[in-house]
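Examining the three-dimensional arrangement
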Amino acid sequence: MIIHLKETVSAELAAQLAEQAQAQYFIREGQAVLITSSSVKEVPSFLQEYAADHFVMASDIQLASRTYQSATREVTINQAKVGGSTNHTLMITGPCSIESWEQIVTCADMLKELGITTLRAGCFKPRTSPYSFQGLGMEGLKMLAQIREEYGFNIITEVRDATHVEAVIEYADIVQIGAKAMYDHGILRTCGEARKPVLLKRHFGATLQELVQAAEFVLSGGNEQVMLCERGIRTFETKTRFTLDLCGVSYLKEHINLPIILDTSHAMGYAYGVPDLTRACVAMGVDGLLIESHPNPKVAKSDAAQQLNLDEFRDLYRSVQSVAEVVGRKVV
Ligand code: PEP
Ligand code: MN
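Being a predicted model, the structure only gives us computed values, none of them experimental.

**Some remarks on the coordination of the manganese ion (ligand 2)**
- Each protein donor to the manganese ion (ligand 2) is listed here as Cys96 (SG), His266 (NE2), Glu292 (OE) and Asp303 (OD); together their distances run 2.1 to 2.4 Å.
- Here the donor residues for the manganese ion (ligand 2) map to a single chain with the spacing C-x169-H-x25-E-x10-D. Here Asp303 lies in the loop between β14 (288-292) and α10 (310-326) and Cys96 lies in the loop between β7 (88-94) and α2 (101-114), a separation of 207 residues in the sequence. As far as the burial class goes, Cys96 and Asp303 line up, both buried.

**Thoughts on the site of ligand 1**
- Near ligand 1 you find Cys96, Arg120, Lys125, Glu158, Gln176, Gly178, Ala179, Lys201, Arg231, His266 and Glu292, and these make up its full shell.
- Separating an oxygen atom of ligand 1 from a side-chain N or O atom of Arg120 is a distance of 2.5 Å.
- The separation between an oxygen atom of ligand 1 and a polar side-chain atom of His266 is 3.0 Å.
- The fraction of the free accessible surface of ligand 1 (290 Å²) that becomes covered by protein chains is 95%.
- Residue composition of the shell around ligand 1, by class: 2 nonpolar, 3 polar and 6 charged.

**Some remarks on the domain arrangement of the protein chain**
- Per the domain assignment, the segments making up the protein chain are domain 1 (2-55) and domain 2 (74-331).
- On a C-alpha basis, the centres of domain 1 and domain 2 stand 34 Å from each other.
- For the pairing of domain 1 and domain 2, the buried interface totals around 410 Å² over both sides, and the portion due to carbon and sulfur atoms is 44%.
- It is Gln24, Phe26 and Arg28 that lose the most area in domain 1 upon contact with domain 2, and together they represent 82% of the buried surface on that side.
- In this structure, the connection of domain 1 to domain 2 is made through 1 salt bridge.

**Re the layout of surface pockets**
- A volume near 420 Å³ is recorded for the largest pocket.
- If you trace the largest pocket, you find 22 residues lining it, with Pro126, Lys180, Arg241, His266 and Asp303 closest to the centre.
- Residue composition of the lining of the largest pocket, by class: 5 nonpolar, 7 polar and 10 charged.
- Of the volumes computed, that of the second largest pocket is approximately 270 Å³.
- Gln24, Asp60, Gln62, Glu216 and Ser220 are the residues nearest the centre of the second largest pocket, which is lined by 13 residues in total.

**As for the sheet that holds strand β4 (residues 51-55)**
- With antiparallel pairing, 4 strands are arranged side by side in an open sheet as β2-β3-β1-β4. Among the strands making up the open sheet, the edge pair consists of β2 (24-28) and β4. Averaged over all neighbouring strand pairs, the angle between strand axes comes to 20°, with direction disregarded.
- Here 4 bridges tie strand β1 (residues 2-5) to β4, and the two strands are oriented antiparallel to one another. By the bridge assignment, Ile2 is partnered in β4 with Phe55.
- Sheet contacts for helix α1 (residues 11-20): β1, β2 and β3 (31-35); angle to β2, the most-contacted strand, approximately 160°.

Criteria and thresholds
- Residues numbered from 1 in each chain as written.
- Chains lettered and ligands numbered in written order.
- Predicted model: local features only at pLDDT ≥ 70, side-chain atom pairs only at ≥ 80, totals over all residues.
- Heavy atoms only, no water.
- Donors = N, O, S within 2.8 Å, 3.2 Å for Na, K, Ca; no water.
- Helix = DSSP H or I, 4+ residues; strand = E, 2+ residues; numbered from the N terminus.
- Buried < 20%, exposed > 50% of the residue type's maximum accessible area, 1.4 Å probe, protein only.
- Near = heavy atom within 4 Å.
- Polar contact = N/O pair within 3.5 Å; in protein donor to acceptor, adjacent residues only side chain to side chain.
- Areas by Shrake-Rupley, 256 points an atom, 1.4 Å probe, with all protein chains shown as cover.
- Nonpolar A, V, L, I, M, F, W, Y, C, P; charged D, E, K, R; others polar.
- Domains from an automatic or database assignment.
- Buried area = accessible area lost by both parts, 1.4 Å probe.
- Salt bridge = Lys/Arg side-chain N within 4 Å of Asp/Glu carboxyl O.
- 1 Å grid on protein atoms, 1.4 Å probe; cavity = no way out; pocket = protein on both sides within 12 Å on 5 of 7 lines; lining within 4 Å.
- Points joined across faces, edges and corners; volume = space filled by probe spheres on them.
- Pairing = 2+ DSSP bridges.
- Axes fitted to C-alpha atoms, helices over the stretch in contact; angles between N-to-C directions.
- Contact = heavy atoms within 4.5 Å.

Next up, the structure:
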């Protein structure tokens, strides 16, 4: 159950009441919001005099549910807006990993040429092998911050553990929680305390319920700037890296009030399929796209097979705008 307390209830009292109700809570514009387990169906008697409003919820998908808030939430990334009443499909692109200054400048120049303003590159890479390239870490993050300064882009980069969140908040604009980190409660709770937009990727073995409940950890901490990212789930199929769950995207669009970003690169795993798959996603009317692009994918230090080279990305970018128009959207 979600309970909005009266605005006259102080933050101190709200904290006491939340503890007594075994609830999560946060303050939204001066009003405390308590979230108990969804198994609670009536406002506890000790809370009744303080409650302004309450919402009985069917499952622990609560703050993210359209039953609670029917409109898609608007996420603000500096001057850019995603979700809400905008018809924007945010294009997020860049290399899987930042590898050098020269590499990232080449990518940044392409974004500038195309008028794209959101650059993504990983610094703390969550690799499946300890012997693979692990990312440039802080050195890479500082290079991204310099790019942000010089080009005015919004920067998105991932955190591999909770200790990275503070630095990413300082140097970047969107915190990416990678698929493998989706179950990391340290990261989720730290991001809940942050006041920066978060892109939460679905673990390849997670149900939609688990994905949205992971988002609830962030939302219930008071960080309401959360975007979900479908990036492929593991099925019996091995010819593609993962299987992009477009049925799941339909479910999320219908029931969940968070903007949805589609990552076709990690789902497909091979560059040849990324343009077609991306156009299919745009036709679904999604809030954003995440596509890996690299000046020379053949020598990329991570995810080499799936990254588009810059000419391939340019071709794709030119083709998505007309698809977006058909469904009343604009790729930005
Ligand atoms: C990435 O975005 O480069 C990445 C590692 O993706 P995922 O967390 O979806 O595997
Ligand atoms: Mn990658």
